[in-house]
Amino acid sequence: MRTAAVLAGLLVLTLPLPACQWPRDAEGTLDRVTGGTLRVGLVEAEPWVVLDDDEPDGVEVRLVEELAARLHTEVEWVQGSESALMDALHVRAVDLVVGGLDSSAPWRDQAALTRHYLTTTTVLAVPAEDGATTVDDLQGRPVAVERGTADAERVRTYDVVPVPVADVADADGPVVVGDWRLDDLGLRELDATVGTSEHVVAVSLGENAWLTTVERFLLTRSGEELGRLLDEEQP
Amino acid sequence: MRLRADFELPPELEAVHRKAVRLEWFSIVYLATAIAVLAAVLGSSQAMKAAWIEDILSLLPPLAFLVAARWRDRPPNDRFPYGYHRSVGVAYLTASAALLAMGGFILYDSAMVLVRFEHPSIGLIELFGQQVWLGWLMIGALLYSGLPPVLLGRAKQRLAAQLHDKVLYADAEMNKADWATAGAAILGVIGIGAGLWWADAVAAIVISLDIVHDGYGNVRTAVHDLMDRRPTTYDHAEPLPLVDEVEAHLGALPWVARAEVRLREEGHVLVGEAYVVPVGSPGDVPQLVERTTHAIEDLDWRLHDVAVVVLPRLDS
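Predicted model only: the values in this text are computed from it and were never measured. (Residues numbered from 1 in each chain as written. Chains lettered and ligands numbered in written order. Predicted model: local features only at pLDDT ≥ 70, side-chain atom pairs only at ≥ 80, totals over all residues.)

On to the overall build of chain A, then. A count of helices and strands for chain A gives eight helices and nine strands. Principal-axis analysis of the C-alpha atoms gives chain A an extent of 70 × 50 × 30 Å. For chain A, with 235 residues in total, the buried portion stands at 40%. Across chain A, every contact between residues at least 6 apart in sequence was considered, and the portion connecting residues at least 24 apart equals 71%. (Helix = DSSP H or I, 4+ residues; strand = E, 2+ residues; numbered from the N terminus. Buried ≥ 20, exposed ≤ 12 C-beta atoms within 10 Å, placed from the backbone. Contact = placed C-beta atoms within 7 Å.)

Let us now look at the confidence of the model for chain B. Considering every residue of chain B, the mean pLDDT works out to 91; 100% of them sit at 70 or more. Across the predicted assembly, pTM comes out at 0.87 and ipTM at 0.85. (pLDDT = per-residue confidence, 0-100.)

Residue and element names in this part refer to chain B. For strand β4 (residues 269–278) and strand β5 (residues 303–310), the ladder comprises six bridges, and the chain directions are parallel. By the bridge assignment for β5, Leu270 is matched with Leu303. On the question of chirality, the crossover connecting β4 to the parallel β5 by way of helix α11 (residues 285–299) is right-handed. (Pairing = 2+ DSSP bridges. Right-handed = clockwise from strand over helix to strand, strands pointing away.)

Core analysis: the largest hydrophobic core is formed by 110 residues, its most contacted members being Val97 and Ala202 of chain A together with Ala185 of chain B. With eleven residues, the single largest contributor to this core is helix α9 (residues 197–226) of chain B. With residues up to four places along the chain from it excluded, the contact list for Val97 of chain A reads Gly41, Val43, Leu85, Met86, Leu89, Ala111, Val201 and Ala202 of chain A. Residues Leu138, Val155, Val160 and Ala171 of chain A belong to the second largest nonpolar core, which totals 18 residues. (Core = buried A, V, L, I, M, F, W, Y, C linked by C-beta atoms within 7 Å.)

With that settled, consider the packing of helix α1 (residues 11–40) of chain B against helix α2 (residues 46–57) of chain B. Residues and elements named next belong to chain B. The contact between α1 and α2 brings their axes to 9 Å, and the two run at 160°. Between α1 and α2, the angle is such that the two are roughly antiparallel. When the axes of α1 and α2 are compared, the crossing they make is left-handed. Along its contact with α1, which presents Leu31, Ala34, Ile35, Leu38 and Ala39, the element α2 presents Met48, Ala51, Trp52, Asp55 and Ile56. Among the residues forming the contact of α1 with α2, the class breakdown is nine nonpolar, no polar and one charged. (Axes fitted to C-alpha atoms, helices over the stretch in contact; angles between N-to-C directions. Parallel < 35°, antiparallel > 145°, perpendicular 65-115°, else oblique. Left-handed = near helix turned anticlockwise from the far one by under 90°. Nonpolar A, V, L, I, M, F, W, Y, C, P; charged D, E, K, R; others polar.)

This brings us to unusual backbone geometry. The omega angle of the peptide bond from Trp22 of chain A to Pro23 of chain A is -10°, so this bond is cis rather than trans. The topology assignment puts Pro23 of chain A in the loop between α1 (2–14) and α2 (29–33). You will see that Phe117 of chain B, though not glycine, has its phi angle at about 55°, which is positive. Here Phe117 of chain B is to be found in the loop between α4 (87–115) and β1 (124–127). Even without a glycine there, the phi angle at His164 of chain B is positive, about 50°. Relative to the helices and strands, His164 of chain B resides in the loop between α6 (148–163) and α7 (166–176). On the basis of neighbour counts, which here come to 22 C-beta atoms within 10 Å, the residue His164 of chain B falls in the buried class.

This part takes up helix α4 (residues 82–90) of chain A. Since one α-helical turn is 3.6 residues long, residues separated by three or four positions face the same way. Residues and elements named next belong to chain A. Buried within α4 are the following residues: Leu85, Met86, Ala88 and Leu89. The buried side chains of α4 occupy one side of the element, clustering within an arc of 155° when seen end-on. Taken together, the buried residues of α4 touch β1 (37–42), β3 (96–102) and β9 (187–203). Of the residues flanking the end of α4, it is Arg92, one or two places downstream, whose phi is positive at about 65°. (Arc of directions from axis to C-beta.)

Residue and element names in this part refer to chain B. Overall, mixed pairing links the three strands, which are arranged β3-β4-β5 in an open sheet. The sheet is open, and its two edges are formed by β3 (256–266) and β5, each paired on a single side. The sheet shows a mean angle of 20° between the axes of neighbouring strands, taken without regard to direction. Lying on the sheet, α11 is in contact with β4 and β5; it crosses β5 at an angle near 150°.

Turning our attention to the interface of chain B and chain A. Across the boundary between the two partners, chain B contributes 28 residues, which contact 25 residues of chain A. Only β1, β2 (130–133), α8 (178–193) and α9 of chain B provide two or more residues apiece to the side of chain B that touches chain A. Looking at the side of chain B that touches chain A element by element, the count peaks at eight residues for α8 of chain B. Looking at the side of chain B that touches chain A residue by residue, the class counts come to 16 nonpolar, nine polar and three charged.

Attention now moves to the packing of α8 of chain B against α9 of chain B. Residue and element names in this part refer to chain B. The geometry of α8 relative to α9 is characterised by a closest axis approach of 7 Å and an angle of 170° between their N-to-C directions. As far as their axial angle goes, α9 and α8 are roughly antiparallel. For the pair α8 and α9, the sense of crossing is left-handed. The segment α8 lies against α9, with Ala180, Thr181, Ala184, Ala185, Leu187, Gly188, Gly191 and Ile192 engaging Ala199, Asp200, Ala203, Ala204, Val206, Ile207 and Asp210. A per-class count over the contact of α8 with α9 returns ten nonpolar, three polar and two charged.

This brings us to the pairing of β1 of chain A. Residues in a regular strand project their side chains so that they alternate between the two faces of the sheet. All names here are of chain A. Counting buried positions over the six residues of β1 gives five, a clear majority of the element. Examined bridge by bridge, β1 and strand β2 (residues 74–79) share six bridges and lie parallel to one another. Bridging across to β2, Thr37 finds its partner in Glu74. Between β1 and its parallel partner β2, the chain crosses via helix α3 (residues 59–70), and the hand of that crossover is right-handed. Of the pairings in the sheet, the one linking β1 to β3 comprises three bridges and is parallel in character. Bridging from a neighbouring strand, Leu42 pairs with Val98 of β3.

Pasting the structure below:
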């Protein structure tokens, strides 16, 4: 009986809400941002967020700009470390954080991660003229891989010899490379995935209207559009 | 050493028991699907988590029942001369303690969500190329996990009454209360959607209080049963009238002047002692005791191994 009374009470509280916006924000972020200012935290992560020049650039920066244009909102960029920006997001000092975030990021207590809008992989690839047709042909061969990345170790499972380099674009022979760079570098992909990334952005917790607005925007980006943005970020 | 006689359910109850076993297997299969469906849409709702954990915990009573069903009928042996009827009570206590501990954990966890002002978020999911608010799927999953158990619970309760099975009864009670859990979680999810961040944690607290309540009641009953308290009806509502009935039956026998009976429950069966003062010259006492022992067991299928003790007088 006691349970039933509490349920009835909760129901009465939730019923009279207007149905115009669903789901709604706990703190009204979407309403505030629309036609106002969007505070975006940036973590440097090529090619997603590039901070070389005065103006931020990168795939996710472009996406945020497009979203902001749709909401008629002005963007206020803030740079910082991932930890600092997630903390800022938690206390609602920023509205959105981008920077090559992955769905496995450990920020679930501080931020709401969106559903992933893009999955990229790093793969073993060879120059078009290379004779290798399968990953077995690369056994024992040196493979160029970006220095200081997890891929540099993970690629060892394919029995190849990793050679750390600054940029795999300058390497000859087999490389470990992001799948979006294959065409640009004239590489042929072997059937061997080294790493997988599900790309997400982070918004404030409890802001469900804002979260679903960002998610809907990101999920409706076509593969071509994302591919074009990635191409534009090739060094 | 003398072993206790084997016990078998009356044939008509054997059939009821088989039905209960089938029903419990069905429950486990159904619960497994409900747990999987809830896990698929879990999200960051605290109330969803609580409902999910409660569903996992609802596996315990059926498991306890099935484990006990395998053990309770084993014939007594040199190591366990009283047989295995108590396995029902052991299974019951184990399941109840787990329930209580888990309820306490969820209560703490949900209260901390409130204290820390944690705001849960529910976003979108892509379904057949469409973006759908995950909350709607959660509500669907909760309906699936909350409504069928009510019917299961009703069916189990009928069988529990016939079998005098307290584990089955506890299971039926939990199933019957499942709609409230699902309902609270649905309101929590709707609360998140409405931007009421606290509604979810409050719903989770309501659910956890319900689990704690179940757990406490069942631990109490299980401990009392193992402490050999006076036998009660299957729903623990009132003392079993059988003790008085056996006393009345004995008192009406021509060779008995006075009789007092003490019974305890061991799972399904009732065992105990009947203290009897014979009339002046009763005749062949060993013969009378043997006949009376059988007569007691014929009074009710649950009466099993009631020792008749003949005394010159009863104190007090």
